[in-house]
Amino acid sequence: MQHAMEKVKRPRIAVIGAGIIGLPTAVMLTKIFYKLEVTLIAEEFSPHITSDIAGAIIRPVVDNSEVGSRDSRRDQWTKVTFQHLYSLFLSPLAKTLDISLVSTYDMYKGEREDPWWKDYVLGFRHVGEEEMKVLQYHAGKNCWAYSTFTMISGSYLTWQMEQFKAIGGVVVQRRLESLKEIDGTYDIIVNCTGLGSRQLVNDPEVYPVRGQAIVVKAPWIKTVFAEETEDGILTYVFPRADSVVLGGTADAGNWSTQVDPLVSKAIMERCCMYIPGLSTAEVVKEMVGLRPGRSKVRLEVDETTLKKSTVVHNYGHGGLGVTFFWGCALDAVKLVEHCLIQKGFTVNSKL
Ligand SMILES: Cc1cc2nc3c(=O)[nH]c(=O)nc-3n(C[C@H](O)[C@H](O)[C@H](O)COP(=O)(O)OP(=O)(O)OC[C@H]3O[C@@H](n4cnc5c(N)ncnc54)[C@H](O)[C@@H]3O)c2cc1C
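An account of the accompanying structure is given in this report. This structure is a prediction, so every number in the text was calculated from the model and none was measured. (Residues numbered from 1 in each chain as written. Predicted model: local features only at pLDDT ≥ 70, side-chain atom pairs only at ≥ 80, totals over all residues. Heavy atoms only, no water.)

Some remarks on the site of the ligand
Rules: Each residue is tested against the molecule or strand, and it is near if at least one of its non-hydrogen atoms lies within 4 Å. Polar contacts here mean pairs of N or O atoms no more than 3.5 Å apart (in protein, one a potential hydrogen donor and the other a potential acceptor; neighbouring residues in sequence count only if both atoms are side-chain atoms). Helix and strand assignments follow DSSP, with helices taken as H or I runs no shorter than four residues and strands as E runs no shorter than two, numbered in order from the N terminus.
The local shell around the ligand holds 38 residues, among which Glu44, Ser51, Leu176, Gly318 and Thr323 are the closest. A distance of 2.9 Å separates an oxygen atom of the ligand from a polar backbone atom of alanine 18. The backbone of glycine 55 places a nitrogen or oxygen atom 3.2 Å from a nitrogen atom of the ligand. For the shell around the ligand, the secondary-structure elements that each account for two or more residues are α6 (197-200), β13 (282-293) and α8 (321-342).

What follows is the structure in structure tokens.
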């Protein structure tokens, strides 16, 4: 679309944060708008960030806040992300990006309403009694089955970084103590700092949700097995292109990034209850990540924090950053477009 207002200079945008939320947002901005200067600023990059620790499956696994419940925005983010990954899965890029379409068994006790995301995965169904017997699941359990994607976030982020640089994006490694340090240097600042937003924009609503997992070599496993009990105990087996991730934990408020050997032992025991043969799998690594917990994702324009630059926030995705990322990037880009028009720039976009 073309808008009448004119300014000669090119709009300058900074995206802060190079995780699964920030980097795709930066790439989308650079690709969708003509004549935009986009700078990506981050303290750390893949493979040293939370996004690298994610399982990662397109399905809400950890849901200890409102972030995982249904609303029209979350519906849209999930749907758009699923479609994005599906198109990549069909393309020749899938091999490099390590995106796998996997069948999933998702167990639970007692009765549960169907999940809000059931229409965005493929072939959602309730597993019948006979199949439960074959699966050898314990009495009293129920199960959903469907197909969805697992991915290796690091592979995807490596590709996105190549894209970003190839289309003229500028990358700066820098830790910001405050957004005021770059107020006025950029017309718009897109804040995608995840857990870092707690300090960077002084948001006490952001908190860590610690997750520990084990990566094993188990190439015979091609199916996801997952269970999330009412008291919050997570057990999951996520096959990815090159490995299988066993999990997990979700400890709200815990800042420790040290692997706890007792927790690893408990994870292995729980996963072996479903697939005993996993006990023979070679352990590649144990890992810990801090999910950016928040009561809800903050994806909005903020005109008050800074004097000169406008801020667009995109953070607080909890255990769902990989499930939401492409949909959130698209919404963030629309907000940036709106802000540019407000500031009187000519906006030539492909939106
Ligand atoms: C064990 C585990 C399993 C998970 N599994 C799944 C899953 O299966 N499916 C799913 O959807 N999600 C999953 N998640 C959640 C997902 O990983 C997160 O929601 C997502 O990674 C958040 O991405 P982000 O880009 O916001 O944060 P990050 O990946 O943490 O990136 C933040 C970026 O901001 C930068 N930054 C922060 N502060 C500053 C600062 N002050 N100055 C400059 N730069 C700064 C960082 O350096 C980094 O580049 C899982 C998480 C964990 C821990």
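Here we look at helix α2 (residues 72-90)
What counts here: By definition here, a helix of n residues has an expected span of 1.5 Å times n minus one. Exposed residues in this analysis have more than 50% of their type's maximum accessible area, buried residues have under 20%, and partly exposed residues fall in between, with area computed by a 1.4 Å probe over protein chains only.
Spanning 19 residues, α2 covers 27 Å between terminal C-alpha atoms, matching the ideal 27 Å at 1.5 Å per step. The set of residues buried in α2 consists of Arg74, Asp75, Trp77, Thr78, Val80, Thr81, Phe82, His84, Leu85 and Leu88.

Considering the sheet that holds strand β14 (residues 298-302)
Note on sheets: strands pair through backbone hydrogen bonds, and any given pair is parallel or antiparallel. Condition: Two strands qualify as a pair provided that DSSP identifies no fewer than 2 bridges between them. Here, axes are lines fitted to C-alpha atoms. For helices the fit covers the stretch in contact, and angles between N-to-C directions go from 0 to 180 degrees. Between two residues, a contact is recorded if the distance between any of their heavy atoms is within 4.5 Å.
If you trace the 6 strands from one edge of the open sheet to the other, you get β6-β2-β1-β7-β15-β14, paired in mixed fashion. Strand pairing shows two members of the sheet lacking a second neighbour, β6 (170-173) and β14, which therefore form its edges. Looking at each pair of strands side by side, their axes are set apart by 15° on average, direction ignored. As defined by bridge partners, strand β7 (residues 188-191) adjoins strand β15 (residues 310-315) across 4 bridges and the pair is classed as parallel. Bridging across to β15, asparagine 191 finds its partner in histidine 313. Against the sheet, helix α5 (residues 153-166) makes contact with β2 (37-42) and β6, and its axis sits at roughly 120° relative to β6, the strand it touches most. Strand contacts of α8: β1 (12-16), β7, β14 and β15, with the helix running at about 170° to β15, the strand carrying the most contacts.

So, α5
In this model, α5 (14 residues) spans 20 Å end to end at C-alpha, consistent with the 20 Å of a helix rising 1.5 Å per residue. Along α5, the residues that are buried comprise Ser153, Gly154, Ser155, Tyr156, Leu157, Trp159, Gln160, Met161 and Phe164. Glycine 168 lies just past α5 and shows a positive phi near 95°.

Observations concerning a nonpolar patch on the surface
Defined as follows: Patches in this entry comprise residues that are over 30% relatively accessible and not in a salt bridge; like charges within 9 Å are linked, as are nonpolar side chains (Val, Leu, Ile, Met, Phe, Trp, Tyr) within 5 Å. Accessible surface area values rest on a Shrake-Rupley calculation with a 1.4 Å probe, where residue burial reflects the displayed protein chains alone. The working definition used for a salt bridge is a side-chain nitrogen of Lys or Arg within 4 Å of a carboxyl oxygen of Asp or Glu.
On the surface, a nonpolar cluster with roughly 340 Å² of combined accessible area is contributed by Tyr86, Leu90, Leu101 and Leu122. Mapped onto the secondary structure, leucine 90 falls in helix α2. Here leucine 90 falls in the exposed class, since its relative accessible area comes to 57%.

Things to note about the packing of aromatic side chains
As a reminder, the rule being used: A pair of aromatic rings is counted whenever rings of Phe, Tyr or Trp (Trp by its six-membered ring) have centres within 6.5 Å, and the orientation is called stacked for planes under 30 degrees apart, edge-to-face for over 60 and tilted otherwise.
A complete count under the given rule lists 15 aromatic pairs for this structure. Through a chain of ring-to-ring contacts, three or more aromatic side chains come together here, namely Tyr108, Trp117, Phe124, Trp144 and Tyr146.

Some thoughts on the packing of helix α1 (residues 22-32) against α8
Inclusion rule: Working rule for angles: under 35 degrees goes down as roughly parallel, over 145 as roughly antiparallel, 65 to 115 as roughly perpendicular, anything else as oblique. In a left-handed crossing the near helix is turned counterclockwise from the far helix by less than a right angle, and in a right-handed crossing that turn is clockwise.
Two elements in contact, α1 and α8, have axes separated by 9 Å at closest approach and are oriented at 50°. Overall, the two elements α1 and α8 adopt an arrangement that is oblique. In this structure, α1 meets α8 at a crossing whose hand is right-handed. Between α1 and α8, the residues in contact are Pro24, Thr25, Met28, Leu29 and Ile32 and Phe325, Trp326, Ala329, Leu330, Ala332, Val333 and Val336, respectively.

Topic: the side chain of aspartate 203
The topology assignment puts aspartate 203 in the loop between α6 and β8 (207-217). Side-chain polar atoms of aspartate 203 contact the side chain of arginine 294, separated by 2.9 Å.

Remarks on the pairing of strand β10 (residues 234-239)
Summarising burial for β10: 6 of the 6 residues are buried, a large majority. Alternating positions in β10 separate into two faces, Leu234, Tyr236 and Phe238 on one and Thr235, Val237 and Pro239 on the other, with burial throughout. Judged from the 4 bridges that link them, strand β9 (residues 223-228) and β10 form a sheet pairing that is antiparallel. Of the residues in β10, the one forming a bridge with glutamate 228 is leucine 234. In this antiparallel pair of consecutive strands, β9 and β10, the connection spans 5 residues, and glycine 232 shows a positive phi of 85°. Relative to strand β11 (residues 244-247), β10 runs antiparallel, the two being bridged by 4 bridges.

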